[in-house]
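Structural overview for review
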Amino acid sequence: MRDFAPLDGLDSAIDWWREAGVDCDFSDEATDWLAKAEPAEAVTAAPPPIVQPPARPSPLERALAQGDGVRIGGDRGEWPDSLEKFREWWMTEPSLADGSLDRRLPPRGVAGARLMVLVGQPEGDDDEGLLTGGAGRLLSAMLKAMGVADHEVYLSSTLPAPMALPDWADLSQRGLGDVVRHHLELAAPQRVLAIGRSQLELFGFSPDQAREPLTLDCGTRRFPLLAAPDFSQLARSAPRRERFWNRWLEWTR
């Protein structure tokens, strides 16, 4: 007779309990006696954090951060001395605007124009050139009412590419106003119409002064200057259009 092992008959006992319908141990939560143990989940190490490289400042941001060092436009002694060369420089000089060069738009027109229209920056829908979108259509209607032909107008912006919320006072301190004055000297228009009064901070004019006809000194030349509200303000406000029209008539009388 062999010795009795503790595990002998265990399978039979479990079968008996299963046939009796008792296969769980009831407590606060049911426990399945017959369930196979699930393998423990493998513990994986957390991936190392991704370290982003520091953003490189743009040429314009570097110019603005230099204080009295590198100024917008660089060395004034190397500025172009003709309107044709200025347009090429306007499209390539790194410190003039942030972003890729293909975002820049050149001025349009010929030197000595009857009227220079100066906007702060290109519009978002200027797909085919400066002022070729909705603002350009409004300007065309304005010029037609003024009796100014398209070929008598020189179109330019103070920034070659759009900039979100430009700080005109800071841009003036960094030399952008001097660049625009140089541009005016080369273009030599008879009159200047600035659309958007905020850009006049480049020339040191206060908001109160911007509501009256001004004279802009540019080296050896002086240009009559009239400022108007932004195109968006003129488009949605009939009183603004009326006030601007009366000021235009007085200015050109």
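Above this text you will find the structure in question.
Residues numbered from 1 in each chain as written. Predicted model: local features only at pLDDT ≥ 70, side-chain atom pairs only at ≥ 80, totals over all residues. Heavy atoms only, no water.

Considerations on the sheet that holds strand 4 (residues 153-157)
As a general point, the strands of a sheet are linked pairwise by backbone hydrogen bonds and lie either parallel or antiparallel. Taken together, the 5 strands give an open sheet; going across it, the order is 4-3-5-7-6, and neighbouring strands pair in mixed fashion. Two strands lie at the open edges of the sheet, namely strand 4 and strand 6 (214-218), each paired on one side alone. On average, each strand axis in the sheet is tilted by 30 degrees relative to the strand beside it, whichever way the strands run. Two strands pair when backbone bridges link them, and strand 5 (residues 192-195) and strand 7 (residues 221-228) are joined in this way by 4 bridges, in the parallel orientation. Its bridge partner being in strand 7, Val192 is matched across the sheet by Leu225. Across the face of the sheet, helix 8 (residues 238-252) comes into contact with strand 3 (115-119), strand 5 and strand 7 while running at roughly 155 degrees to strand 7. (Pairing = 2+ DSSP bridges. Helix = DSSP H or I, 4+ residues; strand = E, 2+ residues; numbered from the N terminus. Axes fitted to C-alpha atoms, helices over the stretch in contact; angles between N-to-C directions. Contact = heavy atoms within 4.5 Å.)

Concerning the packing of helix 3 (residues 83-92) against helix 6 (residues 176-187)
Relative orientation of the contacting elements helix 3 and helix 6 amounts to 145 degrees, with a least axis distance of 9 Å. Every pair of crossing elements has a handedness; the one defined by helix 3 and helix 6 is left-handed. Counted together, Leu83, Phe86, Trp89 and Trp90 of helix 3 and Val179, His182, His183, Leu186 and Ala187 of helix 6 form the full contact between these two elements. Among the residues making up the contact of helix 3 with helix 6, the classes are represented as 7 nonpolar, 2 polar and no charged. (Left-handed = near helix turned anticlockwise from the far one by under 90°. Nonpolar A, V, L, I, M, F, W, Y, C, P; charged D, E, K, R; others polar.)

Things to note about the packing of aromatic side chains
All told, the structure shown has 4 aromatic pairs when counted by the stated rule. Measuring from centroid to centroid gives 6.0 Å for Trp79 and Trp89, while their planes differ by 50 degrees, and the two rings are tilted. Of this pair, Trp79 sits in the loop between helix 2 (59-65) and helix 3 while Trp89 sits in helix 3; the two residues are 10 residues apart in sequence, bridging distant segments of the chain. Judged by its relative accessible area of 11%, Trp79 falls in the buried class. Centre to centre, the rings of Phe86 and Trp89 are 5.6 Å apart; their planes meet at 50 degrees, and the pair counts as tilted. (Phe/Tyr/Trp six-rings, centres within 6.5 Å; stacked < 30°, edge-to-face > 60°. Buried < 20%, exposed > 50% of the residue type's maximum accessible area, 1.4 Å probe, protein only.)

Some remarks on the pairing of strand 5
The alternating pattern of strand 5 places Val192 and Ala194 on one face and Leu193 and Ile195 on the opposite face, and all of these are buried. As paired strands, strand 3 and strand 5 are joined by 4 bridges and run parallel to one another. Bridge pairing in strand 5 places Val119 opposite Ile195.

Looking at the pattern of salt bridges
Under the defined criterion, the tally for this structure stands at 5 salt bridges. With a closest N to O distance of 3.3 Å, Arg114 and Glu152 form a salt bridge. Linking Arg114 in the loop between helix 3 and strand 3 with Glu152 in the loop between helix 4 (134-146) and strand 4, this pair joins segments that are 38 residues apart in sequence. For Arg114, a relative accessible area of 35% corresponds to the partly exposed category. (Salt bridge = Lys/Arg side-chain N within 4 Å of Asp/Glu carboxyl O.)

What about the nonpolar core?
Leu176, Val179, Leu200, Phe203 and Leu225 are the most contacted members of the largest nonpolar core, which totals 33 residues. Contributing elements (two or more residues each) for this core: helix 3, strand 3, helix 5 (168-173), helix 6, strand 5, strand 6 and strand 7. The leading source of residues in this core is helix 6, at 6 residues. Look past the residues within four positions of Leu225 in its chain and what remains in contact with it is Val192, Ala194, Leu200, Phe205, Pro213, Leu214, Leu216 and Trp251. Listed in part, the 23 residues of the second largest apolar core include Val117, Met146, Leu226 and Phe231. (Core = buried A, V, L, I, M, F, W, Y, C linked by side-chain atoms within 4.5 Å.)

Quick look at helix 8
A rise of 1.5 Å per residue sets the reference length of helix 8, with its 15 residues, at 21 Å; its end C-alpha atoms lie 21 Å apart and thus fit the reference within 8%. Among all positions in helix 8, only Phe244, Arg247, Trp248 and Trp251 are buried. One side of helix 8 carries all its buried residues, which in axial view fall inside an arc of 105 degrees. Those residues of helix 8 that are exposed and angled more than 90 degrees off the buried face are Glu242 and Glu250. With a side-chain oxygen positioned 3.3 Å from the backbone nitrogen of Arg240, the residue opening helix 8 is Ser237. (Expected span 1.5 Å × (residues − 1). Arc of directions from axis to C-beta. Polar contact = N/O pair within 3.5 Å; in protein donor to acceptor, adjacent residues only side chain to side chain.)

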